[in-house]
Amino acid sequence: MSSGRPVVAVGSHVRFRGSRWQVVALAGQRVHLAGEDGSDEAVLAGHLFADTGFAVLGAQAQQPQAAPRWGLFETAPATAREKALAWQRHIREVECGRPDGPDGSGPVREQYDPSQHTLAEREQAKAAELTALGFGRVSRTTVQRMRLAYRKQGLWGLIDHRTTRGPSPTGRADERVVAAVKEALRRQRGRSKGTVKGLMPQVAHILQDRHGGSVAMPAQATFYRLVHQLAHPADHPAHPVRTPPSPRTDAATRPPSPCGPESRCRSTPPASTSWPCSTTAPWAGPR
């Protein structure tokens, strides 16, 4: 049973030396802290607790947040980091009423006052505010998803991970179209290839079967590029089919021997003759 006493765990927020810190690691008697300005410090637990201003802050005393992944966060593009930091302030306001956190200064806006509105109501108010600010069409579900991501992963959970993915050989093509092109190429393997243009109806048919017309075919130039990127050189529709010759075909196209079918060729004829071969009679020398 929980005693209700504050818990210092990885992810907890604490006040130490008059500043706000987050616990990012516990190693023996040492507590590793990360400041909101990017600074970090390791202190002995006894020294931490002896600080006259020490406190476990806000709701995090009972529900620690995930420790921020500072190294990963710094790898994201600057614009993505700025947007994540903006989301952080909005999420804090939803949860405790203040963008700077529970111990922040300044008045609490009425629509985010936890004493007057439920969490769901505050999420809905934030969705309307972010939509009006130009964040796109933000729903209450989006605010809730971002809030939970922040709980689990810290600032890294607020990053738009489309900006952190490596380049793809298929660019920004719809993954469902990519899968359909791969399936069409697989089906034609070992058959007459036809042309890239002739592959388009097959891909359209696969998309119709799988998605019921909800996925549009790409433009022809985009489709050609996809096939070029996805097809193995041996399976590319634009490349001719190469099949090994059969023994019968090989024999029919082989040029006839200069000795004829009944002749026996000498590997090393005598130096006095220029005849390359003889018929059934043995060679009797020059006359």
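See the structure above.
Presented here is a report on the structure given in the accompanying data block. (Residues numbered from 1 in each chain as written. Predicted model: local features only at pLDDT ≥ 70, side-chain atom pairs only at ≥ 80, totals over all residues. Heavy atoms only, no water.)

### Examining the sheet that holds strand S1 (residues 13-16)
Sheets are built from strands that pair by backbone hydrogen bonding, the pairs being arranged parallel or antiparallel. Note the following rule: Strand pairing is assigned whenever DSSP identifies at least 2 bridges connecting the two strands. A run of H or I in DSSP counts as a helix once it spans at least four residues, and a run of E counts as a strand once it spans at least two, with each numbered from the N terminus.
Within the open sheet, the five strands sit side by side as S4-S3-S2-S1-S5. Their pairing is antiparallel. Each having just a single partner strand, strand S4 (40-44) and strand S5 (55-56) make up the two edges of the open sheet. With four bridges connecting them, S1 and strand S2 (residues 19-27) associate as antiparallel partners. Considered in S2, the bridge of arginine 15 is made with arginine 20.

### A few points about the environment of proline 114
What counts, and what does not: Note on classification: 1.4 Å probe, protein chains only; a residue is buried when its accessible area is under 20% of the maximum for its type, exposed when over 50%, partly exposed between these limits. Throughout, a contact is declared for two residues whenever any of their heavy atoms are within 4.5 Å.
Within the secondary structure, proline 114 is located in the loop between helix H3 (78-96) and helix H4 (119-133). Judged by its relative accessible area of 39%, proline 114 falls in the partly exposed class. Proline 114 sits 17 residues away from glycine 97 along the chain, and the two C-alpha atoms are 6.5 Å apart. Residues contacting proline 114, with those up to four places away along its chain left out, are Glu95, Cys96, Gly97 and Arg122.

### Looking at the environment of glutamine 202
Relative to the helices and strands, glutamine 202 resides in helix H7 (residues 196-211). In this structure glutamine 202 comes out as partly exposed when scored by relative accessible area, which is 34%. Between the C-alpha atoms of glutamine 202 and alanine 184, which are 18 residues apart in sequence, the distance is 6.3 Å.

### Focus: the packing of aromatic side chains
Our working rule: Here the aromatic set is Phe, Tyr and Trp, taking the six-membered ring for Trp, and pairing holds for ring centres within 6.5 Å; pairs whose planes are under 30 degrees apart are stacked, those over 60 apart are edge-to-face, and all others are tilted.
Counted by the stated rule, this structure contains two aromatic pairs. Ring geometry for phenylalanine 49 and phenylalanine 54: centres 5.3 Å apart, planes at 65 degrees, overall edge-to-face. Residue phenylalanine 49 is classed as partly exposed on the basis of its relative accessible area of 46%. The class of phenylalanine 54 is partly exposed, set by a relative accessible area of 22%. With 5.9 Å between their ring centres and 85 degrees between their planes, tryptophan 87 and phenylalanine 135 make a pair best called edge-to-face. In this pair, tryptophan 87 sits in helix H3 while phenylalanine 135 sits in the loop between H4 and helix H5 (140-153), placing the two residues 48 residues apart along the sequence.

### Considerations on the side chain of arginine 122
Spelled out, the test is: When charges are counted, Lys and Arg are positive and Asp and Glu negative, with His and the chain ends excluded. A pairing counts as a salt bridge when a side-chain nitrogen of Lys or Arg comes within 4 Å of a carboxyl oxygen of Asp or Glu.
Structurally, arginine 122 is set in helix H4. Here arginine 122 is buried and forms no salt bridge, its nearest opposite-charge partner glutamate 121 lying at an N-O distance of 7.0 Å. Discounting residues that sit within four places of it in the chain, arginine 122 has contacts with Val94, Glu95, Gln111, Tyr112, Asp113, Pro114 and His117.

### Regarding the environment of valine 43
Take valine 43: it is sitting in strand S4. The spatial distance from the C-alpha of valine 43 to the C-alpha of leucine 33 is 7.9 Å, given a sequence separation of 10 residues. Setting aside its immediate chain neighbours within four residues, valine 43 contacts Phe16, Gln29, Arg30, Val31, Leu33 and Leu48.

### Side note on the side chain of glutamate 93
Keep this limit in mind: In the analysis that follows, any N or O atom pair within 3.5 Å is treated as a polar contact, provided that within protein one partner can donate a hydrogen and the other can accept it, and provided that, for residues neighboring in sequence, both atoms belong to side chains.
Examined against the element boundaries, glutamate 93 turns out to sit in helix H3. Given the relative accessible area of 5%, glutamate 93 is considered buried. Within polar-contact distance, the side chain of glutamate 93 engages the side chain of arginine 109 at 2.9 Å. Ignoring sequence-local partners within four residues, the contact set of glutamate 93 consists of Arg98, Pro99, Arg109, Tyr112, Lys126 and Glu129.

### Considering the pairing of S1
Side-chain positions along a regular strand alternate between the two faces of the sheet. Where S1 hands over to S2, the hairpin turn is made up of two residues, of which arginine 17 adopts a positive phi near 55 degrees. Bridge count between S1 and S5: two bridges; the pairing is antiparallel. Looking at the pairing, valine 14 lines up with valine 56 of S5.

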